[in-house]
Every structure is written in C-alpha cells, then in structure tokens.
Amino acid sequence: MTEASQATAATESDPVAAPGRPPPSRSKSLAPLRQLLGFLWPHKSRLIAASIALVFTASAQLGLGYGVKVLIDEGFSGADPSGLYKAVSLMLIIGLAMAIGAMIRFYLVSWLGERVSADLRSAVFNNLVHVQPSYFETNHSGEIMSRLTTDTTLLQTLIGSSVSLAVRNALTLTGALTLMVITNLKLSLVILIAVPVTLLPILIFGRRVRNLSNKSQQSIAEVGSHAGEIFQSIKVVQSFNREAAEKAAFSHDVEQAFLVARSRVFQRALLTGFAIFLLMGGMVGMMWSGGVDVIEGRMTGGELGAFVFYAVMVGTAFATLSEVWGDLQRAAGAAERLMELLQETSNIPDTGKIRPSPGKALRFDNIAFAYPSRPESPALDGFDLIIAPGESVALVGPSGAGKSTVFELILRFYDPTTGALYYGDTDLRDVPLLDWRAKIALVPQQPTLFSGTISSNIAYGVSDPTPGAVERAATMAHAHEFIAALPEGYHSDLGAQGVRLSGGQRQRIALARAILADPELLLLDEATSALDTDSEWHVQQALADIMRKRTTIIIAHRLSTVINADRIVVMDQGRVIDSGRHDALIARCELYQRLARLQFGPEAGLATPSTNTAPLDVTD
Ligand SMILES: Nc1ncnc2c1ncn2[C@@H]1O[C@H](COP(=O)(O)OP(=O)(O)OP(=O)(O)O)[C@@H](O)[C@H]1O
Ligand SMILES: [Mg+2]
C-alpha cells in the first residue's frame, strides 16, 4: 500500500519536477519549462537554500498532525493539565518553526522569481537587438513588447510562487498520505481511490487550458500592438475623424481577447470544481467509516483527529496542485514563446573575420535582391556600381527605383540574393559586422530620434563626445541656431521619437548625428528633403566640406542637392541606367533629362544651376 501511495504521490509531483528532469511522456507539454533551468542555475545556492526551507516548513506542517493527536488524546481527555501543557507547547514550537521556515522560503523563492524574470527580459532584449531588421516587419514590436512584459511576469509568478506551491503541496501530499497509511490502513483506502479518479479530468482540462492560454496571450499582445500603432499615429486618426472606427476596431480586438480568456477561465473553473467535489466525496466517506471505528473502539478519537487532519491536508494539497497545474501550463506556454524569441538568430551571419583597412573602393557586383516579403519582385536586379574611396556619388531616379535599398545592402540589413558587395577585395560577408558598420553613418529617409535630449540624440553614434564636438556638428548641420533658441538649448527634451521638433529640424539633428560620427562612408537618404531652400543651401555648404574627406553617397529627389557630386548615378527599376556628371547626363540620359526638366524648367540643359553660387529657388 505504501508503494501505491508513493506511486500516486510521485505521479502528482511530476508537474512540479518536470522543469528539473526529463519530463515523463505525458507531460511533454511542460518541456519548455525545462529551458528555464539555465536561468535558475546561476542562482543555485539560493535555490538549494529555498528548497531546504521548503522541506523544513512542509515537515513542520506534517508534524502538526501529531500535535493534534497529542492534543486530543492527552491534552483534552487526560485528567492532568500537564498533558495539555505538553501538547500546547509542542504546537507552539511547531508553529514557530513553520513561521520562520515560511518566511525564509517566501523571500528566497520570490527573489528567484523576480531575478529570473529580470534576467529573461534582458536576455530576450539582448538577443533581439541583434536580429536582422526584417524580423520586425513580420513581428510587430508591440507584440514582442507584450511578450517581454506579460510572459516574463507569468514566469515570475511561476518561479516565485507556483513551483514552490506545487513542491510544497506535493511534499505535504506525500507525507500526509504516508502518515495516513500508518495511522489507519482501511481509511486510507477510501482516500486513495478518490485521488487517482481526479487525475483524469485534470489531464483533459489541463491541455485545454494550456491551448487557450496561448491564444489568450496572443490576443492580448495584439490588443497592445493595435493600441500602440493608433497612439503613434493619433494625428492621422483624428484628422480623418477615424476615432469612432478605431474605437470599434479596438473593442472588437478587446472582446476577442476577452472571449478567449473567458473560455480559459471556464475550463479552469471546471477543473477546480471537479477536483474539489471528488475530494469532498472521499472525505465524507472517510468520516463515516472512521466514525464507526471510533464508536466501536477500534481507534482513539485522537487518531481519527490526526487522520482527518492529514486527509484535509491531502485534499487541500491535491486541490492546490490541480490549480497549480493550470498555472504550470500557462507558464509553459509563456516559456515556449520566450524561448522562441531567445532562439531567434539573425539571418545576417556575422561570421566574418577580416578587419577592413580604410580607404578601399565599394563595389556592387551584379547584385540581385528581393525583399523577403516579396521574393518575386526584385528591388535590385543586375545592379553594378563601383564607388571609389573619397568619391561623392549621388543616386537619383524615380520613387521605388531601389535607391534606399542600396543603402540597406551597404549596411547589411539584408544580404543580396545573388551577387556580392565588396569593400576592396573583401566580400562584406567576410567582415565583422561591428567593424563594418563602424565605418558608416546613415541619415535615413525617415529621421529617427529617440526620447531624450537634443545632445544625447546628436551624440547617439559616439560614446562620449565633448559638448564642443556636439555643437560643431550641430552648426555644420545648420541646427545650432534653432537649438540655441530653445529654452533649454541642447538639453531640451525631444519627447518620444522627437515629436517636439519640426520635420526639417528633425532632419538636421539626424544629420548632425551622422556628422559627429565622422564616418568613412556617409550615407544620406533624402537628408535635406524637408529643409527650406535657405537652410538647405547652408547645409550644402557644410556638406561640401564634409564630403571632401570621405566617401559619400547621397540620395535626393531634388537635383539641386546632388549637382555638385563627383558623379551622378541614375537608377531605374533596380539597376543603373547611366552615370556621369550633370552636364553629360543632361546631354544623353533621357530619364535624367526628364527629371531635370521638371525641376529646373525646359532650359535646364543650357544653364547649369550650382548650389555653390546662390541659394536655389527650386523645390519639388
Ligand atoms: N521592407 C520592404 N519590404 C518589401 N518591399 C520593399 C521594402 N522596402 C522597399 N520595398 C520595395 O522595394 C522597391 C525599392 O524600394 P526603395 O525603398 O529602395 O525605393 P527608393 O528608390 O528609395 O524610392 P523613394 O525615392 O520613394 O524613397 C520598391 O518597389 C518598394 O516597394
Ligand atoms: Mg527611398
């Protein structure tokens, strides 16, 4: 019988032990939790201390049953009050031991939960920050953020309470069962039949709860990312009077999430109710049978008292376990999703070992490239171009020609589908990413600012610049004037994504950031498109000086911006159509003529506008 009870207890403690051992086949679903072990391992001394405290408390709790027996048999029924004194002292000592043990256990276990979830958050962030940018095109940042917060919180609850609860209850369950069997074999049988019967519904409902919990997390993540997108674009939403429509769409998402959560809660309620009902049935049967034994003198009242105490313990432990089982399933879902994020690797391999020496040419060798989301329509096709060190090259061409894509490949946000990009004789894939990107500064088409001060934004690309350097860069980007006019100057807070600046001001901050980085290769993607002609003229003057010292590639729709480049490369439909200086292109390239005619007027070919002489009066 002892064997039987141990077997039952062992089955029951499986969910708890699953993170620690190879899971038995039936709890395969908890396998993701095993991966958390790696995060617990560094804190093993605390884990051991917590386990000791846990076992200690559980043993003390079991000792209470003996206390109950002494209390009833010697304390209440003995003629002599010393029996009561003895029983009460015993209870007091056990109570004190339980209190101290629980205090230590609670602190250590909660500490572990908080620590592991903090470590997980960092680990996930640290991993994702290296993943290729295209990953975030298919995976919404809002969803990832929700995983970072909600899922890690679930695991924190798991480690910080559920596991401890489960282990503790598994221990008391085993202990109480054993003591029950020792106290009264026949009565134990009644309980032992009730226990396995409850196993079945737990297994069935447990699986459902787990699936629904995954869905629930997912829909909550969607709700979060939906709201994030709307708030970010609030001006567009309000200007098109879309508040009502957005409210309806959002409520729909929220309701969807609620429906999923409701079915999960329902399944779990069924699970709990069922388990409790079965156990109470067992209890009542035991009271009846035990009562008869006491009446007929086969056991003392104290023995029955202790037995009932153990049985209640078994019942509570079992009910708790059935509830914790649901928590474990939810946590397994959370762990699975987090591990996915942790195992996400960049598809831009950083295995190169060749450190690039400065001053080499950049060569695009017959490159074809399609964005992963549109494999059938290449953004670049048969793209060939050599850019000499120190040269300034302008890329012009119609919208969608692939100009920005060229920058994405240079920065290795993507690798070409076929063909290769060389720096000197070295394939970029053979150069360590950090070394390569350290050579480059980009001013993207959409200037990106971070919340923080102006000076922290300008200094984003360098570790610790002098205030003088920041100011010099801002002056070159023609930003110093407007920055100085702000009440807090360089320490002005920009708000999230720089909302407190105008489009042109944002561009100049982004430009100053690139200038301060002092790169070997400067990439300007429509870097001055939002500037007024006067500011642009000033920036052009500064750029002319900056461009002399480094390789520069400029993308611009306004031809006035690019006219002074060493070479203008005309692109269309992902390939180079022609290249040369403005005058030559005007003479022979039909596409360039068309672009120039629209901007400079029909006589474009005759009078060559120059940004060096005066501010141009052309806008696009
Ligand atoms: N992330 C992306 N996923 C899929 N397709 C993309 C992506 N980015 C750009 N494209 C497509 O690739 C092609 C080239 O885009 P690219 O951004 O290089 O054009 P561009 O020459 O910079 O145009 P513009 O002057 O309007 O900035 C376009 O057809 C565009 O729709
Ligand atoms: Mg572009």
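Relevant structure appears above.
Rules used in this analysis
- Residues numbered from 1 in each chain as written.
- Chains lettered and ligands numbered in written order.
- Predicted model: local features only at pLDDT ≥ 70, side-chain atom pairs only at ≥ 80, totals over all residues.
- Axes fitted to C-alpha atoms, helices over the stretch in contact; angles between N-to-C directions.
- Helix = DSSP H or I, 4+ residues; strand = E, 2+ residues; numbered from the N terminus.
- Parallel < 35°, antiparallel > 145°, perpendicular 65-115°, else oblique.
- Left-handed = near helix turned anticlockwise from the far one by under 90°.
- Core = buried A, V, L, I, M, F, W, Y, C linked by C-beta atoms within 7 Å.
- Buried ≥ 20, exposed ≤ 12 C-beta atoms within 10 Å, placed from the backbone.
- Pairing = 2+ DSSP bridges.
- Contact = placed C-beta atoms within 7 Å.
- Near = placed C-beta within 6 Å.
- Nonpolar A, V, L, I, M, F, W, Y, C, P; charged D, E, K, R; others polar.
- Expected span 1.5 Å × (residues − 1).

### Things to note about the packing of helix 7 (residues 141–183) against helix 11 (residues 301–343)
Where helix 7 meets helix 11, the closest approach of the two axes is 6 Å, and the angle between their N-to-C directions is 155 degrees. Relative to helix 11, the element helix 7 is oriented roughly antiparallel. Along this stretch, helix 7 crosses helix 11, giving a crossing that reads as left-handed.

### Section: the nonpolar core
Core analysis: the biggest nonpolar cluster contains 77 residues, and Ala-394 and Ala-512 have the highest contact counts within it. Element by element, the count of residues in this core is highest for helix 17 (residues 503–517), at 8 residues. Counting 67 residues, the second largest nonpolar core, distinct from the first, contains Leu-36, Ile-220, Leu-278 and Leu-321.

### Description of the sheet that holds strand 10 (residues 575–580)
The strand order 6-7-8-3-9-10 describes an open sheet built from 6 strands, whose pairing is mixed. Each end of this open sheet is capped by a strand with a single partner; those strands are strand 6 (440–443) and strand 10. Averaged over all pairs of adjacent strands, the angle between strand axes in this sheet comes to 20 degrees, irrespective of strand direction. Alignment of strand 7 (residues 521–525) against strand 8 (residues 551–555), held across 5 bridges, turns out to be parallel. Note that in strand 8 the partner of Leu-524 across the bridge is Ile-554.

### Some thoughts on the sheet that holds strand 4 (residues 418–423)
One open sheet holds the 4 strands; their spatial order is 2-1-4-5, and the pairing between them is antiparallel. Edge positions in the sheet fall to strand 2 (380–387) and strand 5 (426–427), since each has one partner strand and no second. Taken together, the 5 bridges between strand 1 (residues 362–369) and strand 2 define a ladder with antiparallel strand orientation. The residue of strand 2 that forms the bridge with Phe-364 is Leu-385. The sheet strands contacting helix 12 (residues 403–410) are strand 1, strand 2 and strand 4, and the helix crosses strand 1 at an angle near 115 degrees.

### Some details on the environment of Arg-363
Here Arg-363 shows up in strand 1. Judged by the 18 C-beta atoms lying within 10 Å of it, Arg-363 falls in the partly exposed class. A C-alpha to C-alpha distance of 10.0 Å links Arg-363 and Leu-428, two positions 65 residues apart in sequence. Setting aside anything within four residues of it in sequence, one finds Arg-363 in contact with Ile-386 and Tyr-422.

### Topic: the pairing of strand 1
Pairing between strand 1 and strand 4: 5 bridges, direction antiparallel. Across the sheet, Arg-363 pairs through a bridge with Tyr-422, a residue of strand 4.

### A few points about the site of ligand 1
Around ligand 1, the structure places 13 residues, and the nearest of them are Tyr-371, Ser-399, Lys-403, Ser-404 and Thr-405. For the shell around ligand 1, the element with the highest residue contribution is helix 12, accounting for 3 residues. Its residues assigned to classes, the shell around ligand 1 shows 3 nonpolar, 7 polar and 3 charged.

### Some points on helix 5 (residues 81–128)
Spanning 48 residues, helix 5 covers 70 Å between terminal C-alpha atoms, matching the ideal 70 Å at 1.5 Å per step. Burial in helix 5 covers these residues: Ala-87, Gly-101, Arg-105, Leu-108, Val-109, Leu-112, Gly-113, Val-116, Ser-117, Leu-120 and Val-124. In the core, the buried residues of helix 5 are packed alongside helix 3 (37–40), helix 4 (44–76), helix 7 and helix 11.

### Focus: the packing of helix 4 against helix 11
When two helices pack together, their arrangement is given by the angle between their axes and by how far apart the axes lie. At a minimum axis distance of 8 Å, the contact between helix 4 and helix 11 shows a crossing angle of 155 degrees. The angle between helix 4 and helix 11 falls in the class roughly antiparallel. Viewed along their axes, helix 4 and helix 11 form a crossing whose handedness is right-handed. Along the contact surface, helix 4 presents Leu-64, Gly-65, Tyr-66, Val-68, Lys-69, Ile-72 and Asp-73, while helix 11 presents Gly-301, Gly-302, Glu-303, Gly-305, Ala-306, Phe-309 and Tyr-310. When grouped by side-chain class, the residues that make up the contact of helix 4 with helix 11 number 7 nonpolar, 4 polar and 3 charged.

### Structural notes on unusual backbone geometry
At Asn-366, a position not held by glycine, the phi torsion is positive, near 45 degrees. In this fold, Asn-366 is placed in strand 1. A positive phi angle is found at Glu-526, which is not glycine, with a value near 55 degrees. The residue Glu-526 is located in the loop between strand 7 and helix 18 (533–548) in this model. A residue is classified by how many C-beta atoms lie within 10 Å of it, and Glu-526, with 20 of them, is buried.

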